[in-house]
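# Overview (structure and organization)
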Amino acid sequence: MMKFEKLVKGGLAAVMALSMAACSGSGSSADTSTPAANDGAATDAAAAPAETTAAAGAFKLGLSGPLTGGASVYGQAVKNAAEIAVEEINAKGGVQFELTMEDDEHDAEKAVNAYNALKDWGMQISLLTVTSAPGAAVAQMYQDDSTFALTPSGSSLAVIYQDATNAANPYGNVFQMCFTDPNQGVASADYLSANPQLGSKVGIIYKNDDQYSIGIHDKFIAEAAEKGLEVVSDEAFMGEDNDFNVQITKAKDAGADILFLPIYYQPASTILKQANDMGYKPTVFGVDGMDGILSMEGFDTSLAEGVYLLTPFSADASDDLTKNFVSTYQSKFGETPNQFAADAYDCVYAIAQALEAAGCTSDMSNADLKDALVQQFTSMTFNGLTGTDVNWNTSGEVSKAPKAVVIENGVYVGAEG
Amino acid sequence: MKTNKNFFAKLFTREYRSRLISFLIIILGYIVIELLMATGNLSSMFQSLLVPVTCYIVAALGLNLNVGVSGELNLGQAGFMCIGAFAGVCISGALAGVISNGIIRLIIAIIIGALLASLFGILIGIPVLKLQGDYLAIVTLAFGEIIKSLINNVYVGFDSNGFQFSFVENKLKLAPGGKALISGPMGATGTQRIATFTVGVILILAALTIIYNLIYSRSGRAIQACRDNRIAAESVGIHVANTKMLAFVVSAALAGAAGALYGLNYTTLIPSKFGFNLSILILVYVVLGGLGNMTGTIISTIVLVLLPELLRGLQDYRMIIYSVILILTMILSNNEKVKTFAAGLRKKLTRNRTKEAAADE
Amino acid sequence: MAFLSYLINGLSLGSVYAIIALGYTMVYGIAKMLNFAHGDIMMVGAFVAFFALNSFGLPVIVSVVLSMLATTVLGVVIERLAYKPLRQATSLSVLITAIGVSYFLQNGAQLLWSSSTKVFPSIIGNGSLKLFGGQLQISYLTLVTIFVCVAVMVCLTLFINKTKTGMAMRACSEDKGAATLMGINVNSIISITFAIGSGIAALAAVLLCATYPTLSPTLGSMPGIKAFTAAVFGGIGSIPGAFLGGLLLGVIEILSKAYVSTQLSDAIVFAVLIIVLLIKPTGLLGKKLSEKV
């Protein structure tokens, strides 16, 4: 009786082992690029002569991000924008891309799997990951395998430094398109101290299981102490928590007239509502994560009236680049792009610019591409959606000017100072 | 002739056979995979799955001892993994300057992880095992969440003065050259990746040895007696609480060892990874593999870890397909028709075999 | 005064937990299964109400009824397709199936409605009751939430104790075999239980989202676990127990956030649960079951 079961299970184990081997050849990539590039992917193993010219010289661009689960909103935004950028660049002729994005569920373990799936696919250049923790988990592997990576939104120091505690030992091959978190904390504190009319007592609500939020928060506190800003309440929340009444009450009772929110726009929208319900109306100051709040479906934008934020990108900007991008994005996906999307769009263009300038071809090895790109990135300047005259230092940190904007009548208006 | 037959009879009794088969599967699988790797036929993605699979197998084997053999629904296995993982990362980080050999450090980390997790197992087991059924399940869930939540607030650093701890707020003041090992909710970063597949396989074999030796011992039979009828077991003089505690602690220790191996396989590790969802995931491996069936646990873990990766081609649809497969498997494996069909098939096969045996004689 | 306002916050949060817990506890009491997909059924209810209110501009009452209808149907369909085939299976198989259903609903919602966060419109204005010369503000929403919770609890208790169906439910909960022999259709009773439990979940969803207005496909998971804890806290299977458990859980959560640490509130909630279960092993209002040999 028992034997049959065992037999079947033994057989299953053998099948599993075989399937592991069988799948090793094909990998299992999920192509998200243009139809032309798709054809290339289908035939690239066979290297058929019928390949389109577009796909023949295409660089294989890979990335991972959360496409399912709680953080998938960021992954989807990056995916959509990167697709648009690749389509536009491919249509222009010149540098050609083939894009693949794998799901990492915002989890370090899955990010490693996703990285290896991309490697099996033959990735040459990477946009690393969408979120920070998975990015920190795979950065070392990118260094070991000498692949160039430019993350759109992995803003933590741990993404570009081996020793994040002391910001030492940069990987050297991993670059960031977004601000590093500390950079934003300092900029926020500087802005507030330079504009005392906004208020003098600061209350903070941050998310303490998010590297992004902690990074900004810690540097803000340090800089605020130096600039003589008074922090009267400093409260945290975690995870999917969406009851902020306690934190808001504490800030209110401490007499904070500025509420600093170094968090993303979803919890921020709840905080704005709960503060409003409580009749508490401080000057709210946010960072780039706050961008996106106006385009949330169903959000009462009057709640965000008078909110200040530092952002490199605003979907309401009137320059042609932003206008074109926003309208393409809206017509394709029915949503307004947020800063994740803008950073991803810029990433693809920055890589294209660097590849063009260095005269790279897609038959170069990953290591050669990396050397050429690192050389370009540390010397070039880039103009994109999220800033003009953007440049990078050798550690991979970006330098661009955060713009302070204030929300008036439901749109961003440049703030003075 | 007769003695010979007895010897074989003993070797091929049910218990020995099931042991033998699971060991053989593991060793065979290991050889096949090593061969594939050596010949370069194993894709990077599958190579990256090897260590986590062994971790999940060890944790699931431990849970099966708890749920299948001892009959107590434990929803907090991830909590013990969490303890093991962060203990392992700390030990390995602290010893990095002293012992340069990764394997030795890994083994020390696994042992410490297992010990610490079993210590917590004893502490938690004392109150938990007083409860029964779903109430016991919810208390294990609660402990799992508490462990996760506490580690979310722990800051550990290591410098020339030894370990430094801090709670809720990061007040660590490390001497120059010091290293933050755990930074609260951000977890451990910059861990040296020293976990290897070979050590993982050895850990599985060790786990199987421990579990089988326990099951087929006097205490093991006592554990099963308590599961089947607590009152009858008590009436024949079995100390129910101690007996159940044994299974609970061994299970926790295995989870701790698995956690240490897991933690040392990634450069970053966050406490929120070890939440309720992971506990449930491990429970799914155990239930699909069959309660009390160790070989089944190993196979179902491999299948279920691989499944989402194999479904990557489906992109956005993969998790929904995964959930449908999960539901269908549960429904089909409990369907009367499928059951009768399988039983009939089994009967047919055994009949053939008895015929063959009769012909041989 | 701060303490009072925290307490009222806690009661409001607790009322939402209590309504979700009522659904959990009913299903457990009758079908003897932990329906881990309950929180996700609630999430579906929240989305239905959101689209009714926001995209079709329906009045609040109509939207709530629509959303309750949707979850009722969903609950019954899930029960028929996924749980009914497992009536004879072990409770663990059913538990795993429920988790499968939960994954299915979450990922299905993400595919259908995308994962970008939506904001639930305000349904009861921003007014608030001012007491003690404006020192203590209680929003009308909080009052409505607490009132609805009490009303649901009272209605359910009356239904279970006074109606014929309710009596049949109690019979099924005591002994399914005997109930069948008395001519009760156990299957339809279980379906009715799922229908009521899921319908109430939609009500909870609307109240939850009115207070905490962000909508995402994972919105049900954390309140789901908390409500499950609340149900066990009060004694799973007991309706007044779920009510009491929910309220206490909400109050403990908010007070520990306010006076101990926002980071440790979850740990404190679970620690209190453990202590209660050690003193009363079947929850606050659970029945003590004597074991038969």
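All residue numbers refer to positions counted from 1 along the written sequence of the respective chain. Following the order in which they are written, the chains are lettered starting with A and the ligands numbered starting with 1. Local features in a predicted model are, by the rule used here, given only for residues with pLDDT of at least 70; side-chain atom pairs are given and counted only at 80 or more, and totals for whole chains, interfaces and linings are based on all residues.

Our next topic: the overall build of chain B. Counting from the N terminus, the helices are the DSSP runs of H or I reaching at least four residues and the strands are the DSSP runs of E reaching at least two. If you tally the helices and strands in chain B, you get 14 helices and 3 strands. Each radius of gyration reported is based on C-alpha atoms, and the globular scaling rule is 2.2 Å times the count of residues to the power 0.38. Taken over the C-alpha trace, chain B has a radius of gyration of 22 Å; the compact-globule value for 361 residues is 21 Å, and the two agree within 12%. C-alpha atoms of chain B, sized along the principal axes, occupy 80 × 60 × 50 Å. Burial analysis of chain B (361 residues in total) assigns 51% to the buried set. The contact criterion used is a C-beta to C-beta distance within 7 Å, with each C-beta placed from the backbone. If you take every contact in chain B between residues at least 6 apart in sequence, the share linking residues at least 24 apart comes to 75%. Burial is judged by counting other C-beta atoms within 10 Å of a residue's own C-beta: 20 or more means buried, 12 or fewer means exposed, and anything between counts as partly exposed, with every C-beta placed from the backbone.

Quick look at the sheet that holds strand S2 (residues 97–103) of chain A now. Residues and elements named next belong to chain A. Strands qualify as paired when DSSP identifies two bridges or more between them. On the basis of which strands lie adjacent, the open sheet formed by 5 strands has the order S2-S1-S3-S4-S7 and parallel pairing. The two strands at the open ends of the sheet, each matched to only one other strand, are S2 and strand S7 (174–176). Averaged over all adjacent pairs, the angle separating strand axes in this sheet is 25 degrees, with direction ignored. With 3 bridges joining them, strand S1 (residues 59–65) and strand S3 (residues 125–129) adopt parallel strand pairing. When the bridges of S3 are listed, Gly62 appears paired with Ser126. Angles run from 0 to 180 degrees between N-to-C directions of axes, and those axes are lines fitted to C-alpha atoms, restricted for helices to the stretch in contact. With respect to the sheet, helix H5 (residues 108–121) is in contact with S1, S2 and S3, its orientation differing from that of S1 by roughly 165 degrees.

Turning next to the interface of chain C and chain B. On the side of chain B, 32 residues touch chain C, which itself brings 36 residues to the contact. Every element with two or more residues in the side of chain C that touches chain B is listed here: helix H4 (91–113), helix H9 (221–234) and helix H11 (265–279) of chain C. No other element matches the 12 residues that H4 of chain C contributes to the side of chain C that touches chain B. Grouping the amino acids of the side of chain C that touches chain B by side-chain chemistry returns 25 nonpolar, 9 polar and 2 charged. In this classification, the charged set is Asp, Glu, Lys and Arg, the nonpolar set is Ala, Val, Leu, Ile, Met, Phe, Trp, Tyr, Cys and Pro, and all remaining amino acids, among them Gly, are polar.

Turning next to unusual backbone geometry. Residues and elements named next belong to chain A. Notably, Leu128 is not glycine yet its phi reads approximately 50 degrees, a positive angle. For Leu128, a count of 32 C-beta atoms within 10 Å corresponds to the buried category. Although it is not a glycine, Ser146 adopts a positive phi angle of roughly 50 degrees. Its place among the elements puts Ser146 in the loop between helix H6 (132–144) and strand S4 (148–151).

With that settled, consider the nonpolar core. Counting residues in each nonpolar core, the largest one holds 345 residues, and the members touching the most others are Val348 of chain A together with Leu22 of chain C. Apart from residues lying up to four places away in sequence, Leu22 of chain C is in contact with Val152, Met153, Leu156, Ile200, Ile239, Ala242 and Phe243 of chain C. In these notes, a nonpolar core means any group of buried Ala, Val, Leu, Ile, Met, Phe, Trp, Tyr and Cys residues linked to one another through C-beta atoms within 7 Å.

As a further point, take the sheet that holds strand S1 (residues 154–159) of chain B. All names here are of chain B. Here 3 strands make up an open sheet; going across it, the order is S2-S1-S3 and the pairing antiparallel. Edge strands, defined here as strands with exactly one partner in the open sheet, are strand S2 (162–167) and strand S3 (179–183). Neighbouring strand axes in the sheet, compared pairwise and without regard to direction, differ in orientation by 20 degrees on average. Sheet analysis places S1 next to S2, joined by 6 bridges and oriented antiparallel. When the sheet's bridge partners are listed, Tyr155 is paired in S2 with Ser166.

On to the confidence of the model for chain B, then. The predictor rates its confidence in each residue with pLDDT, a number between 0 and 100. Counting all residues, the mean pLDDT for chain B is 87, and 92% of those residues have values of 70 or more. Of the two predicted TM-score estimates for the complex, the pTM is 0.86 and the ipTM is 0.86.

So, about helix H11 (residues 265–277) of chain A. Every helix has an expected span of 1.5 Å times one less than the residues it contains. End to end, H11 of chain A covers 18 Å across 13 residues, agreeing with the expected 18 Å (1.5 Å per residue, within 8%). Counting buried positions along H11 of chain A yields 12 of 13 residues, so the element is predominantly enclosed.

This brings us to the packing of helix H6 (residues 164–174) of chain C against helix H8 (residues 186–211) of chain C. All names here are of chain C. At their nearest, the axes of H6 and H8 sit 10 Å apart, and the two run at 110 degrees to each other. In terms of axis orientation, H6 runs roughly perpendicular to H8. Of the residues in H8, those in contact with Thr165, Ala168, Met169 and Cys172 of H6 are Val186, Ile189, Ile192 and Thr193. Roughly parallel covers angles under 35 degrees, roughly antiparallel covers those over 145, roughly perpendicular covers 65 to 115, and oblique covers all other angles.

Residue and element names in this part refer to chain A. Residue placement: Gln184 occurs in helix H8 (residues 181–194). Among the residues examined, Gln184 registers 25 C-beta atoms within 10 Å and is labelled buried. In this structure, the C-alpha to C-alpha distance between Gln184 and Lys201, residues 17 residues apart in sequence, is 19 Å. Those residues in contact with Gln184 that sit more than four places away from it in its chain are Phe179, Ile216, Val287, Asp288, Leu310 and Pro402.

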